[in-house]
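Coordinate inspection notes
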Amino acid sequence: MKYTFVTLFSNLVEGYFQDSILKRAIDKDILDINYLNPRDYSQNKHMKVDDTAVGGGAGMVMNPQPLFDALDSLKKDDKNVHVIFLTPVAKTFKQNDAKRLAKKEHIAFVSGRYEGIDERVIEKYADEVFSIGDYILTGGELASLVVCDAVSRNIKGVLGNSDSLSVESFETPLLEAPSFSKPNNFKEIAVPSEYLKGNHSKIRSLKLELSECKTKFFRPEQLLKHRTRTSYEK
Ligand code: SAM
């Protein structure tokens with residue numbers, strides 16, 4: 001998978017790929033990370049990329065010209081690039097989007113800054129637009145990384161053990177059961193004793209019960225979905 005981060009601040013993004021799972025995926029040539037700075041395309045003599053809002057309003061807006069030229073050049077290199085804009089007003093990015101996008105070959109993430117991007121750029125170039133939640137960040141770089149990370153772990157070879165994908169939360173309406181690590185008893189807090197007895201069918205049914213409790217507590221609407229689904233399957 002090739003990713004291109006279209007950003008004024010690539011240094012904010014670069015660090016994330018310098019360690020752990022995504023770095024290993026880059027080393028194995030599964031991921032290829034690129035950067036495109038709209039400022040490099042500015043025709044303004046001071047290389048400006050923003051201006052005051054037409055019609056008034058607080059703050060600066062990213063000009064169309066540097067982004068049009070940057071994105072034209074990106075599309076000229078690869079007409080199949082899938083261009084995603086990050087904006088707080090769009091639909092929220094979900095696990096199903098991550099799985100679907102993992103099948104693409106080249107994704108570009110366009111990050112806004114200041115009060116955002118001139119709407120004409122989004123209208124012309126966006127294949128998709130995502131928010132990562134109902135709050136306002138200072139820029140789209142963190143949001144791009146969130147989407148990129150979630151997509152990447154669904155690409156074959158990125159995770160050491162791909163089994164971990166199938167049992168994770170959001171694969172089914174139920175959240176994943178609580179996990180425990182060694183030692184079995186830490187500061188006199190023990191893991192559920194059933195986990196230690198080696199009876200896999202009992203462990204499975206306890207995990208299901210704990211999954212249901214967790215889902216009821218954190219996401220009651222999901223538990224309803226699970227119950228409707230399982231009663232339909234019976
Ligand atoms: N004025 C805009 C508004 O009220 O909708 C907010 C602009 S925000 C300060 C600057 C940039 O951060 C946006 O263009 C977008 O790229 C990014 N951003 C902020 N919050 C985001 C979110 N929740 N999800 C995705 N991107 C976000």
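Structure report, in brief. Per chain, residue numbering runs from 1 following the sequence as it is written. The predicted nature of this model means local features are confined to residues of pLDDT at least 70 and side-chain atom pairs, given and counted, to a pLDDT of 80 or more, with totals for whole chains, interfaces and linings taken over all residues. Calculated side-chain values reflect all of the structure's heavy atoms, with hydrogen atoms and water omitted.

1. Points about the overall build of the protein
Heads up, the rule is: Runs of H or I in DSSP of at least four residues are treated as helices and runs of E of at least two as strands, each being numbered from the N terminus. Restricting the calculation to C-alpha atoms gives the radius of gyration, and the globule rule supplies 2.2 Å times the number of residues raised to the power 0.38. Exposure is judged per residue with a 1.4 Å probe applied to protein chains only, and the accessible area is read against the type maximum: over 50% gives exposed, under 20% gives buried, and values in between give partly exposed. Contact between two residues is taken to exist if any of their heavy atoms lie within 4.5 Å; hydrogens are not considered. Under the convention used here, a 1.4 Å probe and the Shrake-Rupley method define accessible areas, while residue burial counts only the protein chains that appear.
For the protein, the helix and strand inventory stands at nine helices and nine strands. Against the compact-globule benchmark of 17 Å for 234 residues, the protein has a radius of gyration of 22 Å, which places it well outside the compact range. Reported as C-alpha extents along the three principal axes, the dimensions of the protein are approximately 70 × 40 × 40 Å. Every one of the 234 residues in the protein was classed for burial, and the buried ones make up 37%. When contacts within the protein are restricted to residue pairs at least 6 apart in sequence, long-range pairs at least 24 apart make up 73% of them. Surface summary for the protein: the accessible area is close to 14600 Å², and the carbon and sulfur share equals 52%.

2. Brief notes about the site of the ligand
To keep things clear, this is the line we draw: Throughout this document, a residue counts as near a molecule or strand when at least one of its heavy atoms sits within 4 Å of that molecule or strand. A 3.5 Å cut-off defines polar contacts: any pair of N or O atoms within that distance qualifies, except that in protein one atom must be a possible hydrogen donor and the other a possible acceptor, and neighbouring residues in sequence count only when both atoms are side-chain atoms. Polar here means any residue other than Ala, Val, Leu, Ile, Met, Phe, Trp, Tyr, Cys and Pro, which are nonpolar, and Asp, Glu, Lys and Arg, which are charged; Gly is therefore polar.
Taken together, 19 residues surround the ligand, and among them Leu 86, Gly 112, Glu 115, Tyr 135 and Leu 137 come closest. Between the ligand and Gly 133, the relevant distance is 3.0 Å, taken from a nitrogen atom to a main-chain nitrogen or oxygen of the residue. The backbone of Tyr 135 places a nitrogen or oxygen atom 2.8 Å from a nitrogen atom of the ligand. For the ligand, whose accessible area on its own is 580 Å², the fraction buried by protein is 84%. Residue classes in the shell around the ligand are distributed as 10 nonpolar, eight polar and one charged.

Take it as geometry only, folks, not as evidence of what the structure does.
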